[in-house]
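Each chain, written out:
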Amino acid sequence: MRDAHLQLDYQIQRWIFNQGWNGLREVQAKAIAPILSGKTDVLISAATAAGKTEAFFLPACSALVKSDNGQNIGLYEKEGQGNGVGILYISPLKALINDQYRRLESLAELLDMQVTPWHGDSPRSKKNKQKKSPSGIILITPESLESLLIRDSGWVKQAFSSLKYIVIDEFHAFLGSERGQHLLSLLTRLEHVTERLNSPIPRVALSATLGDLKSVPQSLRPNQSLPCVIIEDDEAKASIKVQVKGYIEPSQLALESDSKKNNFESSDSQYIGIQHPYTAEAQVCSDLYRLCRGGSHLIFANSRKRTEMIATELSDLCEHNIVPNEFFPHHGSLSKELRESLETRLQKEALPTTAVCTMTLELGIDIGKVDTVVQVTAPHSVASLRQRLGRSGRRGGSAVLRMLIIEKEIDKDTSLTDKLRLELIQSFAMIRLLIIDKWFEPADTELYHFSTLLHQVLATIGQWGGIRADQLYILLCKQGPFQQIQPAHFKSLLSQMGELQLLTQLGNNQLVLGIVGERIVGHYTFYAVFKTPEEYRIVTGNRTLGTLPIETMLLPEQYIIFGGKRWQVKNIDMDKKVVDVISVKGGGKPPTFGGGSMSIHDRVRQEMYEILNNGDYRIRVGEQHLDFADKTARQLFSESIDTFNRYDLSNQPVVDKDGNSYIFMWRGDKIVNTLTALLIRDDFTVEAYAGVICISKIDSFQVCQFLQKLASQILPTATELAETVPFKMTEKFDEYLPDDLLNIGYGAQAFDIIGLKKWLEDFKKTDLGL
DNA sequence: GACCTGCTGCGGATTG
């Protein structure tokens, strides 16, 4: 293995030597032979910054150089043509393509190889050069590849006819999503147009470490026409340090009496900011200021709204204390300029910098390592917690994670779910699953993706002009990734598309685009398969601050927080989708951002039950119990345990309170959704929050009777249950789907009938006292 | 009581 690099082209060995590297990393050495062979797919799974991209590009470029030596180069140059593109690199982010382009420059120059960044913002000149003379490496997004296939498939056929490798960066970011399904379909269509279905182009997937590696090759190439070699990074993991800090939000009553007495800065508060009533949020910001100032940190705040509030508060604290600001927000609605200036500042490491961010800084973009990662409010999944934690741990030091959790002070009005401190318990559960079990949520690769299938039908017809239904089915569902789609589903889809004039069938059985289909495919927003809310541009003077998805009504004179500062709305142009704002000092109420529902995994909820049932969240290390909670978090935990025991939740899943019944399933949202939908179907008044189902004005005896009855019945299928749900359109092209497919797709995504069945069987046993 | 990603062709203004 130590001499693995000797298999590489001499010039590439020289390049490695010139980098001053101390030999190749483990994954880099292990990847050389399978990639050079060019006969298999390869999955390279390694932690961030383990040199995955070089692990691919060094052997791949080596293979490219060798096959080019002395062959036809003179002839092609004379004709003004290249000898075809050798490597197609696909990335989920434009920013990653730009990073990668910079990193490849020196190697490409040495090998005299053309490298072309190809996305919506990359220069037309570079694309034109590549168009004239296709060769070397293209770095592209799935959407740009779609546009090439539809608008210029003749060129694609010619330019990619001798393609040697397709490499997909950040493969885990695609896995299981609509966009991932789109990508796989694009790759099949590419093999089809270049007549390579029988001699497949090797696919190389680069990914952060994944849960179940064995299942990934199936996802990388659903038709299994090439084997796959898995290369894993075994390098020792750094240690992790975790702390959970609890905060108590004073009840409304306490706040009111506080403000009457006018003692805003109460005695135990270390709050050092602008005078306003004590809130847990203010205490959180005060602690963040103290913990983060002077270092380099990431604060994940879960929503853009909270991200803005915290970033603004921290900047205000800097101003108040007359020190330079070092806290900046980073999220998807901020302009590219604001985001990039922060990314550059983090990268340079010259000034202490803390980014308050959403998942925009979770993956991809190179910002180096930071001192610590802070999570404010519980993360939505163990997988994202893990990815965020991976950003911490400079110079081989331990990764440091702080979790700040706010729970409400208990008074007479406190709800049962609030008393259980479920957000805190969820945080504990996620930390334990990550550290003890080394578990995180797998991607759901069982979904149908009908919306994306409809998109691909339109795109493929757009690409070929006309195609027969049976050819379309074979291409997309047999050779391509839509392997779960039955011919009957496909027929139903096509006839609905015909009725809506998305397509038309000609006399010779060719399907062509209909009037509506032409309009959809012709519009530039067609290429992406994912849905985006309407965005308004936020403008002050001549400067665009960024964009904001507007779901609730925004009014003139209203105050908003944006880009870490306060603004007042002056004018709203509905046609141009522009909001004019002016900078203001002083308070304001931000608008609400979007809706949506979380999906907590089964295993997280079961771990929460285990913690409460055992009365212990600590991590056992040998004889010791490691307590990662601070004093307030411990107090909140003991309140939770009190409530858990008072209602006998260990044995009793249904309890009465204030005339309502609560069902504690301790299961994931799919199973909770399933029972909720069944209760609604049978006319109960139901609300589900944090995995707890509340049924209004009914006693637990009646609920138990209903559950008993349900346990002995044959449950409806997920599709049948979906028929009872009024609003099911979640994806971009759902509005064109026939009802039967919409129900199948929604049912598979939202419900888990088997999971509910198992829970009901357990319930039956406990309820009968068995 | 959630987040993120991406996209064309062309007309007009500006610059070398």
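Cut-off values and rules
- Residues numbered from 1 in each chain as written.
- Chains lettered and ligands numbered in written order.
- Predicted model: local features only at pLDDT ≥ 70, side-chain atom pairs only at ≥ 80, totals over all residues.
- Heavy atoms only, no water.
- Helix = DSSP H or I, 4+ residues; strand = E, 2+ residues; numbered from the N terminus.
- Contact = heavy atoms within 4.5 Å.
- Areas by Shrake-Rupley, 256 points an atom, 1.4 Å probe, with all protein chains shown as cover.
- Core = buried A, V, L, I, M, F, W, Y, C linked by side-chain atoms within 4.5 Å.
- Buried < 20%, exposed > 50% of the residue type's maximum accessible area, 1.4 Å probe, protein only.
- Domains from an automatic or database assignment.
- Pairing = 2+ DSSP bridges.
- Axes fitted to C-alpha atoms, helices over the stretch in contact; angles between N-to-C directions.
- Near = heavy atom within 4 Å.
- Polar contact = N/O pair within 3.5 Å; in protein donor to acceptor, adjacent residues only side chain to side chain.
- Nonpolar A, V, L, I, M, F, W, Y, C, P; charged D, E, K, R; others polar.
- Salt bridge = Lys/Arg side-chain N within 4 Å of Asp/Glu carboxyl O.
- 1 Å grid on protein atoms, 1.4 Å probe; cavity = no way out; pocket = protein on both sides within 12 Å on 5 of 7 lines; lining within 4 Å.
- Points joined across faces, edges and corners; volume = space filled by probe spheres on them.

As annotated in an unreviewed UniProt entry, chain A carries the name DEAD/DEAH box helicase and is attributed to Psychrobacter urativorans.

The subject of this paragraph is the overall build of chain A. A tally of helices and strands in chain A yields 29 helices and 27 strands. Within chain A, counting contacts between residues at least 6 apart in sequence, those at least 24 apart form 71% of the total. Roughly 35300 Å² of accessible area belongs to chain A as shown, and the carbon and sulfur atoms make up 50% of that amount.

Before going further, it helps to examine the nonpolar core. Generally speaking, a soluble globular protein has its nonpolar side chains buried in company with each other. Within the largest apolar cluster, 56 residues are counted, with the highest numbers of intra-cluster contacts made by Val244, Phe428, Val604, Phe637 and Phe664. Among the elements that line this core, the one with the most residues is helix H18 (residues 422-435), at nine residues. Inspection of this core shows a minimum of three residues originating in each of domain 2 (240-435) and domain 3 (535-596 + 651-764). Phe56, Phe57, Leu58 and Leu139 belong to the second-largest nonpolar core, a separate cluster that totals 41 residues.

If you walk across this open sheet you meet the seven strands as E3-E4-E2-E5-E6-E1-E7, and the pairing is parallel. If you trace the sheet from one side to the other, it starts and ends with strand E3 (115-118) and strand E7 (228-232), each paired once. Neighbouring strand axes in the sheet, compared pairwise and without regard to direction, differ in orientation by 15 degrees on average. Bridge count between strand E2 (residues 84-90) and strand E5 (residues 165-168): four bridges; the pairing is parallel. Among the inter-strand pairings, Tyr89 is bridged to a residue of E5, identified as Val167. Sheet strands touched by helix H2 (residues 26-37): strand E1 (41-45), E5 and E7. Its angle to E7, the strand with the most contacts, is close to 170 degrees. In the packing of helix H7 (residues 142-151) onto the sheet, the strands contacted are E2, E3 and strand E4 (135-140), and the crossing angle to E4 comes to about 120 degrees.

Where strand E24 (residues 654-657) and strand E25 (residues 660-664) come together, four bridges link them in antiparallel fashion. Pairing of Asp656 across the sheet is with Ser661, part of E25. The turn joining E24 and E25, which pair antiparallel and follow one another in sequence, is formed by two residues; a positive phi near 50 degrees is taken by Asp658.

Before going further, it helps to examine the protein's contact with DNA strand B. Surveying the vicinity of DNA strand B reveals 35 residues, the closest of which are Lys94, Ser144, Arg304, Arg339 and Tyr524. Among atoms of DNA strand B positioned within 4 Å of the protein, sugar and phosphate together represent 55%. The contact in question runs from a phosphate oxygen of DNA strand B to an N or O atom on the side chain of Arg304, over 2.6 Å. Only H7, helix H14 (304-320) and strand E26 (686-689) provide two or more residues apiece to the surface near DNA strand B. Its residues assigned to classes, the surface near DNA strand B comprises 10 nonpolar, 17 polar and eight charged.

Next up on the list: the side chain of Arg221. Note on placement: Arg221 falls in the loop between helix H11 (216-220) and E7. A polar contact is formed between the side chain of Arg221 and the backbone oxygen of Ile201, at a distance of 2.8 Å.

With respect to topology, six strands assemble into an open sheet ordered E8-E13-E12-E9-E11-E10, the strand pairing being parallel. Both outer strands of the open sheet, strand E8 (240-249) and strand E10 (327-330), are each paired with one neighbouring strand and no more. With direction set aside, neighbouring strand axes in the sheet form an average angle of 20 degrees. Inspection of the sheet shows strand E12 (residues 372-376) paired to strand E13 (residues 399-408) by four bridges, in the parallel sense. Note that in E13 the partner of Val374 across the bridge is Arg402.

This part covers the pattern of salt bridges. In total, this model carries 28 salt bridges according to the counting rule given. The residue Asp41 makes a salt bridge to Arg221 at a minimum N-O spacing of 2.7 Å. Taken as a pair, Asp41 in strand E1 and Arg221 in the loop between H11 and E7 lie far apart in primary sequence, 180 residues in all. Arg221 shares its class with Asp41; the two are buried. Taking the shortest distance from any N to any O, the salt bridge between Glu143 and Arg179 comes out at 2.9 Å. Of this pair, Glu143 sits in helix H7 while Arg179 sits in helix H10 (residues 178-193), placing them 36 residues apart in sequence. Given a relative accessible area of 13%, Glu143 falls into the buried group. Residues participating in the shared-partner salt-bridge network are Asp41, Glu191, Arg203 and Arg221.

This part takes up empty space enclosed by the protein. Within the structure shown, the criterion is met by three cavities of 30 Å³ or more. One number sums up the size of the largest cavity: a volume of about 80 Å³. Contributing to the lining of the largest cavity are Trp15, Thr53, Glu54, Phe57, Leu58, Gln100, Arg103, Leu104 and Leu107. Secondary-structure elements contributing two or more residues to the lining of the largest cavity are helix H3 (52-68) and helix H5 (94-111). Taken together, the residues of the lining of the largest cavity break down into five nonpolar, two polar and two charged. Of the volumes computed, that of the second largest cavity is approximately 40 Å³. If you trace the second largest cavity, you find it lined by Leu422, Arg605, Met608, Phe664, Met665, Trp666, Ala690, Gly691 and Val692. Here the residues of the lining of the second largest cavity are counted per class, giving seven nonpolar, one polar and one charged.

Looking now at the environment of Cys694. Among the structural elements, Cys694 can be located in strand E27 (residues 692-695). Cys694 sits in the buried class, given a relative accessible area of 15%. Distance in space between the C-alpha atoms of Cys694 and Tyr289 is 39 Å, their sequence separation being 405 residues. The contacts of Cys694, once residues within four sequence positions are left out, are Asn660, Ser661, Tyr662, Thr685, Val686 and Glu687.

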